[in-house]
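Results of the structural survey
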Amino acid sequence: MKIRRILATAVAAAVTTPVVFLSAAPAFADTKPSAPSQTQEQQPTIEELQKKVAEAQKAYDDAVAAYDGAEKALAAVDAADSKLKLAVADAEKAVATADTAVSAANEKLSKAEADLKALPVDATPEQKAAAEQAVETAKTGLTTATADRKAAGEKLTKARSDIKAARDAASAEVERLRIAKEAALKLLDAAKKALADAVPPHPDCKDVSDQLAISMTGPKKVVAGGSAEFKLRVTNDSKQTLDAAYVTTDLLAEKDSLLDHAKLEWGPLNSEWADLDAEHGFIDLETMKPGEKVDLLVRLTVDAKAPKSEAMFVAEAGYDNKDGSCGYIAEGAFVGFDVAAKAKDEEKPSTGSTGGSTSGGNTGTTQQGGTSTTSVTSTGQLAKTGANDVMPQFALAGAAAVALGAGAMFVVRRRKAGADA
């Protein structure tokens, strides 16, 4: 990934001092690299960082596989055909059978005692002996049945204890591996970020706005305590396969404190959500074939304590090829919106805006989802083609940074390379 995620720097500079940002670019470009410090710690090479990413990816994949296996093992404990489950079922049947036997033995003893008591006064000694023997036999039967019931109960208790112990152990293993999986994901994200941050400038990078396109739609207003989604589409209009395409994103706000109350997640359509850094978002699109379109959703969630603020969500796209060539889109896509602190301020979501062509304005076409586009003119002004008529000053500056960000990207990056040399 040879193109650094510099958009946030460019936008921040444009927001605070647009004139300085533009006028200082030549000076940045001419800045000569400073001599490296004798005590400066040697930084890892790109190859080393790529290796760390690969290792972290494998470790994460292994952690996911282990976690999935633990979940299956937990489910297997209570499966209908598991040995432990069958042992419990057999023990329950044995207890039921023993209860029946105890009940029958009690009835037999009661009958024998009643028969003995009902003997007539003139009963013969033989009749009395037989009745008394029947009582003793019934008592012995009851004793045996009671002992069998106790043994069956103990077996049931053990069977239930065994399955509970297995269930608890499996649950503990699932939790342990869940934590391990989350830790592996953090290490993977850190390795990817380190690689992205360390990628040096590349002279072959060029503006490929006529070959690679990005569009975005989103809400005009987001209510604190709720969430909203931005739809992005990246299109490879070129005739070549892009080996490693990507999207970089930034969330800008009139009030910086909004970022402390905001959470971003992304995912392909109909897929799971993954965390996205609010200020330095990076989405790896991997390989894109000629003519391929990739649709993404970015979900913004703001908690109930979020302040009222004007905000903007910005996205750019680029690629790196195995042959060393790389490209970027000169104009990114953006959506300006308001964050409302009260639910009563909520309005029905409407169309967002994209950083369209720098000339010609809106062509009247619509983006994914039937929304209109918003162009950034060569003067940095917003064409009125879907956005609010009155945009905040920071939004205008941010839009200008999107339009001018490509050139600024390399100016700032050359300065960064000189400082790190």
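Everything here concerns the structure above.
Described below are features of the structure shown in this document.

Thresholds applied
- Residues numbered from 1 in each chain as written.
- Predicted model: local features only at pLDDT ≥ 70, side-chain atom pairs only at ≥ 80, totals over all residues.
- Heavy atoms only, no water.
- Helix = DSSP H or I, 4+ residues; strand = E, 2+ residues; numbered from the N terminus.
- Buried < 20%, exposed > 50% of the residue type's maximum accessible area, 1.4 Å probe, protein only.
- Contact = heavy atoms within 4.5 Å.
- Axes fitted to C-alpha atoms, helices over the stretch in contact; angles between N-to-C directions.
- Parallel < 35°, antiparallel > 145°, perpendicular 65-115°, else oblique.
- Left-handed = near helix turned anticlockwise from the far one by under 90°.
- Nonpolar A, V, L, I, M, F, W, Y, C, P; charged D, E, K, R; others polar.
- Expected span 1.5 Å × (residues − 1).
- Core = buried A, V, L, I, M, F, W, Y, C linked by side-chain atoms within 4.5 Å.
- Salt bridge = Lys/Arg side-chain N within 4 Å of Asp/Glu carboxyl O.
- Phe/Tyr/Trp six-rings, centres within 6.5 Å; stacked < 30°, edge-to-face > 60°.
- Lys NZ or Arg CZ within 6 Å of the ring centre and 35° of its normal.

What the chain contains, in helices and strands, is seven helices and 14 strands. The buried share among the 421 residues of the chain stands at 38%. Of the contacts formed within the chain by residues at least 6 apart in sequence, a portion of 77% connects residues at least 24 apart.

On to the packing of helix α4 (residues 46–77) against helix α6 (residues 125–198). Their axes nearest at 8 Å, the elements α4 and α6 cross at an angle of 160°. For the element pair α4 / α6, the angle class is roughly antiparallel. α4 and α6 meet at a crossing whose hand is left-handed. Looking at the contact of α4 with α6 residue by residue, the classes come out as 27 nonpolar, three polar and seven charged.

Tracing the backbone shows Phe 337 in strand β12 (residues 333–340). Considered as a pair, Phe 337 and Ser 309 are 28 residues apart in the sequence and their alpha carbons are 8.7 Å apart. Dropping the residues within four chain positions of it, Phe 337 is found in contact with Pro 219, Lys 220, Lys 221, Val 222, Phe 230, Leu 251, Leu 300, Ser 309, Glu 310, Ala 311, Met 312 and Phe 313.

Attention shifts here to α4. End to end, α4 covers 47 Å across 32 residues, agreeing with the expected 46 Å (1.5 Å per residue, within 8%). Those residues of α4 that fall on the buried side of the exposure criterion are Leu 49, Val 53, Ala 56, Tyr 60, Ala 63, Tyr 67, Ala 70 and Val 77. Buried residues belonging to α4 abut α5 (83–117) and α6.

What tends to happen in soluble globular proteins is that the nonpolar side chains get buried as a cluster. Leu 232, Val 247 and Phe 337 are the most contacted members of the largest nonpolar core, which totals 41 residues. At the level of elements, β2 (212–217), β4 (227–236), β5 (242–253), β6 (262–268), β8 (281–288), β9 (293–302), β10 (309–320) and β12 are the ones that each hand at least two residues to this core. Core analysis: the next-biggest nonpolar cluster, separate from the first, contains 10 residues, Val 88, Ala 98, Ala 159 and Ile 163 among them.

Another aspect to go through is α5. In this model α5 runs 51 Å from its N-terminal to its C-terminal C-alpha over 35 residues, within 8% of the 51 Å that 1.5 Å per residue would give. Taken together, the buried positions of α5 are occupied by Val 88, Ala 91, Val 95, Ala 98, Val 102, Ala 105, Leu 109 and Ala 112. Lining the buried residues of α5 we find α6.

A complete count under the given rule lists 14 salt bridges for this structure. Lys 193 is paired through a salt bridge with Asp 197; the nearest N and O atoms lie 2.8 Å apart. Here Lys 193 pairs with Asp 197, and both are found in helix α6, just four residues apart, close to one helical turn. Residue Lys 193 is classed as partly exposed on the basis of its relative accessible area, which comes to 39%.

A word on the packing of aromatic side chains. Scanning all chains against the criterion turns up three aromatic pairs. Taken together, a centroid distance of 5.4 Å and an interplanar angle of 25° make the contact between Tyr 246 and Phe 282 stacked. Highlighted residues: Tyr 246 in strand β5 and Phe 282 in strand β8, separated in sequence by 36 residues. Residue Tyr 246 is classed as buried on the basis of its relative accessible area, which comes to 4%. Taking relative accessible area as the criterion, Phe 282 reaches 19% and is therefore assigned buried. Linked through ring pairs, Phe 230, Phe 313 and Phe 337 together constitute an aromatic cluster. Of note, Lys 181 hangs over the ring of Tyr 67, and the distance from its end group to the ring centre comes to 4.2 Å. One cation-aromatic arrangement involves Arg 299 over Trp 273; the distance from NZ or CZ to the ring centre is 4.0 Å.

Spatial relationships are all this shows, so hold off on functional conclusions.
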